[in-house]
Structures are given as C-alpha cells and as structure tokens.
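# Inside the fold
Letter by letter, the chains look like this.
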Amino acid sequence: MTRSSALAVEASGLVKAFAATVAVHGIDLSVPAGSVYGFLGPNGAGKTTTIRMLATLLRPDAGTARVFGHDVVRDAAAVRDRISLTGQYASLDDGLTGRENLALLGRLHGHSRAGAASRAGELLDAFGLTDAADRLVKTYSGGMRRRLDIAAGLIVTPDLLFLDEPTTGLDPRSRNEVWAIIRVMAAEGTTVLLTTQYLDEADQLADRIAVIDRGTLVAEGTSSQLKASVGGGALHVRLNDPHDRPAATRVLAQALGGAVTADADPAALSARVPAAGPAAGETVARALSDLARAQIAATEFALGQPSLDEVFLALTGRPPAERSPEEKAE
Amino acid sequence: MTTTLDAIAGTAAARAILAGRPRPARPGTLSVALAFGGRALRKIRRTPVQLFDVVVHPVVFTLMFTYLFGGAIGGSTGRYLGYLVPGILVMTLLVTTGTTGAALSIDLASGVFDRFRTLSIRPAAVLVGALLGDVVRYALASAVVVGLGLALGFRPHGNVPGVVAAVLLVVAFGISLSWVWTALAMVMRSPGAVLGVTQAVLYPLSFFSNIFVIPATLPGWLRAVVNANPVTHLVTAVRGLMSGTAPGGQVAWILLACALLTAVFAPLSLRLFRTR
Ligand SMILES: Nc1ncnc2c1ncn2[C@@H]1O[C@H](COP(=O)(O)OP(=O)(O)OP(=O)(O)O)[C@@H](O)[C@H]1O
Ligand SMILES: [Mg+2]
C-alpha cells in the first residue's frame with residue numbers, strides 16, 4: 001500500500017458540480033513533491049473547488065485524487081495527517097484572540113497544553129503578531145488576519161500546504177512577507193500548492209503553473225514553457241505622450257497584423273510579433289518606422305518573450321485580473 | 001518585537017520554526033472535546049451577552065406567570081410554583097437548544113470549521129465538542145430557573161435528588177434535541193433561518209403543552225392536542241421527579257425518546273457534516 005511517491009498530488013478526471021454549475025470539469029494534475037505549484041485562473045475558474053477536493057473538504061463527483069499516494073476520499077485521515085489548508089476566506093475564530101486561536105489548534109493537533117502555548121508564542125513571534133497576540137481576531141486588519149491564518153496552518157509543519165489566494169487584499173509589504181514565508185516553507189521541504197489570480201505572483205513563486213479556466217485546465221508547465229507555448233514574441237513600446245496610445249495601437253495592429261494590448265502604464269503597449277525568426281526583425285523595424293511616419297514618438301522599445309498576461313489572454317481569451325493600483329504600487 | 005520570519009528567511013532560526021519536527025500523536029477524543037469546551041467557555045466569559053436568553057427568558061416567564069396568572073390558574077402562588085418551575089425549566093432548555101443550532105450555523109459559515117475538518121480529528125469529536133459548550137449553557141439555564149423558583153417559594157418534595165434527577169433528564173433531552181438542530185444547521189445555510197425554524201417549532205410546542213396550564217381545564221379538542229404533545233410528557237416526568245413521586249414509566253419513555261432522537265439525528269448530522 002505505502003508506495004513512496006515523488007508526487008505530492010496526482011489527480012485524474014476530477015469533477016465537481018453544484019446544482020446548475022459545473023465548477024470543476026475533469027481536471028488532471030501532477031504536483032511534484034517539494035515544489036511550489038500555482039493554480040492560476042480568473043474568478044469562478046474552479047480553483048477553490050479543486051483545492052477543497054484535494055484537502056478532503058469536498059467529495060469529488062467523479063475522478064480520483066491522491067495526496068502522497070493516499071486517496072482523498074477513502075483514506076482522508078491519512079491525507080489530513082500530511083496537509084494543512086489556509087482557505088480563501090479566513091478560517092479563524094473571530095471571538096478568540098490570536099494566541100487562543102493558535103493554542104486551540106495546537107491542542108487539536110495533539111500538543112500538550114504547555115506545548116501548544118509555546119508553539120503559539122513562537123509562531124506569533126515569527127509572524128510579527130506578538131503585539132496583537134492577546135487581542136480578539138475580529139479587531140485584526142486584513143493583513144494581520146492573513147498572517148495569523150497562515151501561521152495557523154503551520155502549527156505542525158505540513159508536508160503539503162494549500163494556500164488559497166494567500167495575498168489577495170494585502171498591501172505590497174504584507175504580500176512580500178507572505179511570499180517570503182512561502183519561499184521559506186518551500187526551502188524547508190514543504191510542497192506548496194497555491195492559487196492566485198495574479199500572474200506576477202505565479203511567475204515569482206511557482207515552479208510550475210496550471211492555468212485553469214471554467215473548470216478545466218487549459219495549460220500546464222513552467223512559466224517559461226507557458227510563455228514559449230504561445231509562440232512568437234512581443235514588441236513592447238513606451239510612448240512619449242500617453243495620448244498617442246490609441247493611434248499607436250492602430251498603427252502597430254496594422255503593421256504587425258496581431259493583437260495589441262495596453263499595459264498598465266498608460267504610455268506603454270505591447271504587440272504580438274507573429275513570426276519568430278529572421279523575418280521578425282524586419283517586420284518589427286517596419287512597424288517602428290510606421291510609428292515614426294505617423295509622428296508618434298517612442299521613448300523605449302524592446303523585443304521580448306510574451307508576458308504571462310499575453311499567455312493568459314491567448315489561452316483563455318480574456319485578460320487576467322488586475323491588481324488595483326494601490327496594490328500594484330510598490 | 002523580535003525578528004519576523006521574512007527578516008530571517010533562509011536562516012537556521014527560520015528553519016527551527018518551520019522545519020518538520022516530529023508531529024505529536026493524534027489527540028484523544030477526550031482532549032479534543034475538552035479543547036472545544038474550553039473554546040466555548042472562553043467565548044461565554046468574554047461575551048456574557050450571549051447568555052441573555054438563558055437568564056432573561058426564565059426570569060421573565062417565571063415572574064409573569066407566577067404573579068399575573070398564578071392565582072387564577074393554580075389557586076395560590078406557592079402551589080402554582082410547584083407546577084410552573086418544572087415547566088419553565090423545560091421551556092427554557094427547549095428554547096436554548098434552538099440557539100445551539102443557530103450558533104453552529106454561524107460557526108459553519110465562518111470557515112473556522114473548515115480548518116477543524118482538515119485536522120486529523122474525528123468529525124464526531126468536532127460536533128460533540130461544539131455541543132459540550134452548550135451543555136454549560138443548559139446547566140446555567142437550569143440553575144437560574146431552579147434558583148429563582150426557590151427564591152420565590154418553590155419547595156420541591158423530591159428534594160435535592162429529585163431536582164438533580166429532573167435537571168439531568170431535561171439536559172439529556174436538550175442534548176438529544178440539539179442533534180436535530182445540528183442536522184438542520186448542516187442543511188440550512190443561514191443562521192437566521194435556523195433560528196427561525198427552531199422558534200417556530202419550539203414556541204408552539206411549549207404553549208400547547210401542560211407547561212402553563214392544567215390540561216383538565218381545557219376544552220376536549222385542545223386537551224387532546226396537549227396530551228399528544230411530547231413536551232407534555234417531558235414536563236410530567238420532570239414534575240414527578242421534582243415532587244418525589246418517581247414516575248418510572250414516564251422517565252423511561254423520555255429516555256427512549258432521547259435515544260431515538262440521538263440515534264437518528266447524530267449519525268445524520270455527522271454524515272451531512274462529512275459530505276458538506
Ligand atoms: N458551494 C457552492 N455552491 C454553488 N456553487 C458554487 C459553490 N462553490 C463554488 N461554486 C461555483 O463554482 C464555480 C467555481 O467556483 P470556485 O470558488 O472554485 O472558483 P475560484 O476559481 O476559486 O474563484 P475565485 O477566484 O473567485 O475564488 C463558480 O461558478 C461558483 O459560483
Ligand atoms: Mg476561490
């Protein structure tokens with residue numbers, strides 16, 4: 001029965017429907033042990049539903065999933081011994097203090113009263129929550145809550161840690177802290193499976209990325225594999241005057257014959273370069289001279305790999321979620 | 001404040017906090033239940049307002065019925081108290097079980113139960129643990145009712161053993177009934193709706209019983225309704241115990257009802273909880 005598996009998660013044909021909605025529509029997964037694996041997808045893609053099935057909280061309607069070789073339905077207890085989940089919405093007790101939350105979970109993990117208390121203190125310290133430790137969680141800010149929630153998942157170091165949108169709603173500083181925690185966890189040998197709507201997050205953290213849309217897996221691979229799979233490259237242009245962007249978009253679309261997307265920077269835009277190879281340079285040169293002829297001044301341009309944004313658009317036909325400006329600002 | 005994790009990432013200190021050290025053995029069912037009981041007690045201590053129903057409800061009903069209707073229904077206030085206190089005890093406990101259902105439904109919606117469910121503890125221990133806190137509320141409610149009755153002149157012939165047995169019987173029934181609301185909380189997602197259903201069931205059951213009135217004084221059809229009401233049987237058994245007339249048969253029926261409620265609704269709740 002016990003087979004040492006190099007896979008933390010292997011799932012095939014997972015299906016889950018709620019009344020009229022098919023939330024997950026046949027997903028196959030292989031998550032290598034020891035890696036950081038990212039689920040990337042827009043709202044309603046089925047990320048949370050998939051994670052809840054893998055974490056034994058939801059029973060799949062069809063398909064099978066194994067965590068370290070243990071079936072998530074038949075052998076749920078063995079799975080629960082190896083995992084912990086920090087869900088999308090705070091799984092904390094608002095009516096208790098931060099310290100009491102962690103101490104209760106410590107007891108439920110089998111620590112003695114004293115052991116639970118000292119583990120709680122240690123984690124509160126490590127997560128910078130010592131000052132707020134004895135306040136009710138309902139008085140915590142979003143970032144403090146999120147950190148406590150993640151700490152609660154680490155009372156006993158899990159072999160597989162599920163983090164459902166760990167940084168949504170966090171300011172850049174808190175987000176960086178969470179990223180640091182994830183990196184430390186991974187470095188210490190925990191497999192991390194996280195979901196995100198943000199490409200930069202997947203790009204930064206995940207060894208492999210599964211792009212999920214409408215309950216199906218539309219692509220899977222490393223970030224550079226995903227970028228390469230779209231083919232071609234991209235021409236990134238930064239204009240002198242943001243007001244020129246609509247005109248520049250028209251010119252580039254005509255010259256390159258492909259999709260042109262507006263970047264977050266109001267003066268910048270990216271255009272797909274259809275053919276890679278020797279012809280590409282010539283096409284790009286023609287496009288740039290078209291711009292000059294239209295009296296549009298560019299301050300910068302670069303030819304590069306497509307961004308994950310473009311990958312996302314190409315795969316799902318939709319742009320990915322945008323972080324709000326204050327979240328994006330560094 | 002000491003160094004936080006992001007400041008020490010990759011260092012031996014971080015490793016000490018996060019590295020896989022031996023996992024403690026799975027906790028026993030008793031320590032899990034005690035941990036949950038402690039959680040409930042903390043919350044009660046912190047927000048005594050949530051005890052409003054278990055304290056105010058019996059006080060209002062006891063005073064109102066004793067002084068407004070006591071003379072009219074029971075002859076004298078003292079005699080009526082002997083009749084009323086067991087009834088108020090039952091009604092208070094019944095209404096309090098409804099709060100159990102609503103509180104559980106709030107817990108279920110809050111996400112904290114998701115975390116409990118991913119731990120290697122038995123799902124049964126989670127639900128039993130949640131119930132344990134309610135037993136404290138039930139005990140407190142019983143103490144308020146009996147204490148107030150004694151202060152007003154209630155002198156049960158069953159003395160301490162009779163009263164204790166009566167309270168135990170009512171609490172046992174309350175726990176058994178809680179399983180019904182637990183199952184309901186698993187099905188109905190809104191705490192308000194759960195509370196609404198429990199009140200819509202429990203208040204009529206209380207009023208159309210022998211809690212406040214003597215069935216013999218009622219018109220025939222109403223008497224039939226009251227006598228068929230299970231609450232009437234519970235109240236009769238509790239009165240018997242308090243007055244020291246040891247109504248063995250009645251008590252046995254109530255215990256059977258407790259066993260049936262638990263046998264049906266505890267496994268059902270557990271099943272609904274597992275497959276939620
Ligand atoms: N308990 C439920 N009952 C009914 N429908 C549900 C339930 N949970 C999820 N769904 C539906 O299933 C689909 C997938 O939801 P899911 O929460 O898995 O998406 P997600 O990728 O996590 O989205 P988000 O980024 O918004 O968190 C959605 O259409 C959602 O409305
Ligand atoms: Mg989600």
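As the structure is a prediction and not an experimental result, all values here were calculated from the model. Each residue is numbered by its place in its chain's sequence as written, counting from 1. Starting at A for chains and at 1 for ligands, labels are handed out in the order in which the entities are written. Residues qualify for local features only when their pLDDT is at least 70, as the model is predicted, and side-chain atom pairs are given and counted only at 80 or more; totals for whole chains, interfaces and linings, by contrast, use all residues. Here the side-chain values reflect all heavy atoms present in the structure, with hydrogen atoms and water set aside.

### Here we look at the interface of chain A and chain B
In what follows, residue pairs with any heavy atoms lying within 4.5 Å of each other are defined as contacts. Listed by partner, the interface residues are 48 residues for chain A and 41 residues for chain B. The working definition used for a salt bridge is a side-chain nitrogen of Lys or Arg within 4 Å of a carboxyl oxygen of Asp or Glu. Our count for the contact surface shared by chain A and chain B stands at 7 salt bridges. The partner of Arg115(B) in a salt bridge is Asp149(A), and the shortest N-O contact between them spans 2.5 Å. Distance and chemistry together define a polar contact, namely a pair of N or O atoms within 3.5 Å, with one atom able to donate a hydrogen and the other to accept it when in protein, and with adjacent residues in sequence counting only for side-chain atoms on both sides. Where chain A touches chain B, the interface holds 14 residue pairs in polar contact (both at pLDDT 80 or more). Of all the elements in the fold, those that place two or more residues in the side of chain A that touches chain B are α2 (76-80), β6 (83-86), α3 (98-108), α4 (113-126), α5 (142-152) and α6 (172-187) of chain A. Its residues assigned to classes, the side of chain A that touches chain B shows 22 nonpolar, 11 polar and 15 charged. Numbered from the N terminus, helices here are DSSP runs of H or I no shorter than four residues, and strands are runs of E no shorter than two. Note that Gly is not counted as nonpolar here; it falls among the polar residues with everything else outside the nonpolar set of Ala, Val, Leu, Ile, Met, Phe, Trp, Tyr, Cys and Pro and the charged set of Asp, Glu, Lys and Arg.

### Re the sheet that holds strand β11 (residues 233-239) of chain A
All names here are of chain A. Across the sheet, 4 strands lie side by side as β12-β13-β11-β14; this open sheet has antiparallel pairing. Each edge of the open sheet carries a strand with a single partner, namely β12 (260-262) and β14 (298-304). For this sheet the average axis-to-axis angle between neighbouring strands, irrespective of direction, equals 20°. Note on method: axes are straight lines fitted to C-alpha atoms, helices fitted across the in-contact stretch only, with angles between N-to-C directions ranging 0 to 180 degrees. Packing against the sheet, helix α9 (residues 245-256) makes contact with β11, β12 and β13 (268-273), and its axis sits at approximately 10° to β13. Note on pairing: two strands pair once DSSP finds at least 2 bridges between them.

### A word on the UniProt feature "transmembrane region" (unreviewed entry) in chain B
Residues and elements named next belong to chain B. When the UniProt feature table is mapped onto this chain, "transmembrane region" (unreviewed entry) is found at residues 51-74, 80-104, 125-151, 163-188, 200-222 and 251-273. Across residues 125-151, the secondary structure splits into 100% helix and 0% strand, with the terminal C-alpha atoms separated by 39 Å. With 48% helix and 0% strand, residues 200-222 has its two end C-alpha atoms placed 19 Å apart. UniProt positions are given in the numbering used here, feature names are shortened, and annotations may be inferred rather than shown by experiment.

### Points about the coordination of the magnesium ion (ligand 2)
Residue and element names in this part refer to chain A. Protein ligation of the magnesium ion (ligand 2) involves Thr48 (OG1) and Gln88 (OE1), the donor distances falling in the range 1.9 to 2.1 Å. Linking Thr48 in helix α1 (residues 47-54) with Gln88 in the loop between β6 and α3, this pair joins segments that are 40 residues apart in sequence. Using a 1.4 Å probe on the protein chains alone, a residue whose accessible area is under 20% of its type maximum counts as buried, one over 50% counts as exposed, and one in between counts as partly exposed. The exposure class of Thr48 is partly exposed, given its relative accessible area of 25%. Water is not part of the atom set, so a site may look incomplete; the donors themselves are N, O and S atoms within 2.8 Å of the metal, or 3.2 Å for Na, K and Ca.

### Some words on the site of ligand 1
All names here are of chain A. Taken together, 14 residues are adjacent to ligand 1, and Gly44, Lys47, Thr48, Thr49 and Gln88 come closest. Measuring from an oxygen atom of ligand 1, one finds a backbone N or O atom of Ala45 at 3.1 Å. Note on areas: Shrake-Rupley with a 1.4 Å probe; residue coverage comes only from the protein chains shown. Here ligand 1 has 630 Å² of accessible area as a free molecule, and 64% of this is covered by the chains. For the shell around ligand 1, the secondary structure elements donating two or more residues are β2 (21-32) and α1. The leading source of residues in the shell around ligand 1 is α1, at 3 residues. Any residue with a non-hydrogen atom lying within 4 Å of a molecule or strand is treated as near it.

### Observations concerning the domain arrangement of chain A
Partitioning chain A into structural domains gives domain 1 (7-228) and domain 2 (232-305). Here the limits of each domain have been adopted from an automatic or database domain assignment. Taking only C-alpha atoms, the centre of domain 1 of chain A and the centre of domain 2 of chain A are 40 Å apart.

### Observations concerning a nonpolar patch on the surface
Residues and elements named next belong to chain B. Among the surface-exposed residues, Val49, Phe52, Val55, Val56, Val60, Met64, Leu68 and Leu140 lie close enough to one another that they form a single nonpolar patch of about 690 Å² accessible area. It is helix α4 (residues 52-74) that provides the largest number of residues to the nonpolar patch, a total of 6 residues. Looking at the secondary structure, you find Phe52 in helix α4. Note on patches: the residues involved have over 30% relative accessible area and no salt bridge, like charges join within 9 Å, and the nonpolar side chains Val, Leu, Ile, Met, Phe, Trp and Tyr join within 5 Å.

### Thoughts on the packing of aromatic side chains
Residues and elements named next belong to chain B. Pairs were defined over the aromatic rings of Phe, Tyr and Trp, the Trp ring being its six-membered one, requiring ring centres within 6.5 Å. Orientation was assigned from the angle between planes: stacked under 30 degrees, edge-to-face over 60, tilted for the rest. Here the structure, examined in full by the defined rule, presents 8 aromatic pairs over all chains. Between the aromatic rings of Phe113 and Phe116, the centroid separation amounts to 5.4 Å while the plane-to-plane angle is 65°, which identifies the pairing as edge-to-face. Linking Phe113 with Phe116, this pair stays in helix α6 (residues 112-117), spanning 3 residues, or about one helical turn. On the basis of relative accessible area, Phe116 is assigned to the buried category, the value being 1%. Centroid distance Phe207 to Phe212: 5.7 Å. Interplanar angle 25°. Geometry classified as stacked. Given a relative accessible area of 5%, Phe212 falls into the buried group.

### Looking at the nonpolar core
What is meant by a nonpolar core is a set of buried Ala, Val, Leu, Ile, Met, Phe, Trp, Tyr and Cys residues, joined one to another through side-chain atoms within 4.5 Å. The biggest cluster of nonpolar side chains holds 60 residues, and the ones touching the most others in it are Leu102(A), Leu108(A), Phe127(A), Leu154(A) and Phe116(B). Of all hydrophobic cores here, the second largest spans 46 residues; its members include Val85(B), Leu94(B), Tyr138(B) and Cys258(B).

### Structural notes on the pattern of salt bridges
All names here are of chain A. Counted by the stated rule, this structure contains 24 salt bridges over all chains. Salt-bridge contacts for Asp94 lead to Arg145; the nearest nitrogen and oxygen are separated by 3.2 Å. Taken together, the positions of Asp94 in the loop between β6 and α3 and Arg145 in helix α5 put the pair 51 residues apart, joining distant regions of the chain. Overall, Asp94 belongs to the partly exposed group, its relative accessible area being 33%. Here Asp134 ties to Arg99 by a salt bridge, and the two come within 2.9 Å at their closest N and O atoms. You can see Asp134 sitting in the loop between α4 and α5 and its partner Arg99 sitting in helix α3, a full 35 residues away along the chain.

### Describing the packing of helix α8 (residues 159-187) of chain B against helix α11 (residues 230-243) of chain B
Between two packed helices, what matters for the description is the angle formed by their axes and the separation of those axes. All names here are of chain B. The interhelical angle for the contact between α8 and α11, taken along N-to-C directions, is 160°, at an axis separation of 7 Å. Taken together, the axis directions place α8 and α11 in an arrangement best described as roughly antiparallel. Here α8 and α11 pass one another in a crossing that is right-handed. When α8 is examined against α11, the residues Asn159, Gly162, Val163, Ala165, Ala166, Leu169, Val170 and Phe173 are found in contact with a partner set consisting of Leu234, Ala237, Val238, Leu241 and Met242. The residue makeup of the contact of α8 with α11, split by class, is 11 nonpolar, 2 polar and no charged. Note that the term roughly parallel is reserved for angles under 35 degrees, roughly antiparallel for angles over 145, roughly perpendicular for angles of 65 to 115, and oblique for everything else. Crossing chirality is assigned from the near helix's rotation relative to the far helix, an anticlockwise turn below a right angle marking it left-handed and a clockwise turn marking it right-handed.

### Regarding empty space enclosed by the protein
A pocket, in this scheme, is an open set of points on a 1 Å grid over the protein atoms alone with protein on both sides within 12 Å along at least 5 of 7 lines, while a cavity is a set where a 1.4 Å probe fits but cannot get out; residues line either one if an atom lies within 4 Å of a point. Grid points are joined across faces, edges and corners, and a volume is the space filled by probe spheres set on the points. The final tally for this structure, using the stated rule, is 3 cavities of 30 Å³ or more. Estimated volume of the largest cavity: approximately 50 Å³. If you go around the largest cavity, the residues you meet are Arg80(A), Arg117(B), Ile121(B), Arg122(B), Pro123(B), Val126(B), Phe273(B) and Arg274(B). Broken down by class, the residue content of the lining of the largest cavity amounts to 4 nonpolar, no polar and 4 charged.

### Description of the side chain of Glu165(A)
Residues and elements named next belong to chain A. Position of Glu165 among the secondary structure elements: in the loop between β7 (160-164) and α6. Side-chain polar atoms of Glu165 contact the side chain of Thr168, separated by 2.9 Å. Ignoring anything within four residues of it in the chain, the contact list for Glu165 reads Lys47, Gln88, Arg146, Thr195 and Gln197.

### Remarks on the layout of surface pockets
Residue and element names in this part refer to chain B. As a volume, the largest pocket reaches approximately 880 Å³. Lining the largest pocket are 39 residues, and of these Lys43, Gln50, Ala103, Ile106 and Asp107 lie nearest its centre. Those elements that place two or more of their residues in the lining of the largest pocket are α3 (29-46), α5 (77-110), α7 (123-152), α8 and α9 (191-207). Here the element with the most residues in the lining of the largest pocket is α5; it accounts for 9 residues. In terms of residue class, the lining of the largest pocket is made up of 18 nonpolar, 10 polar and 11 charged.

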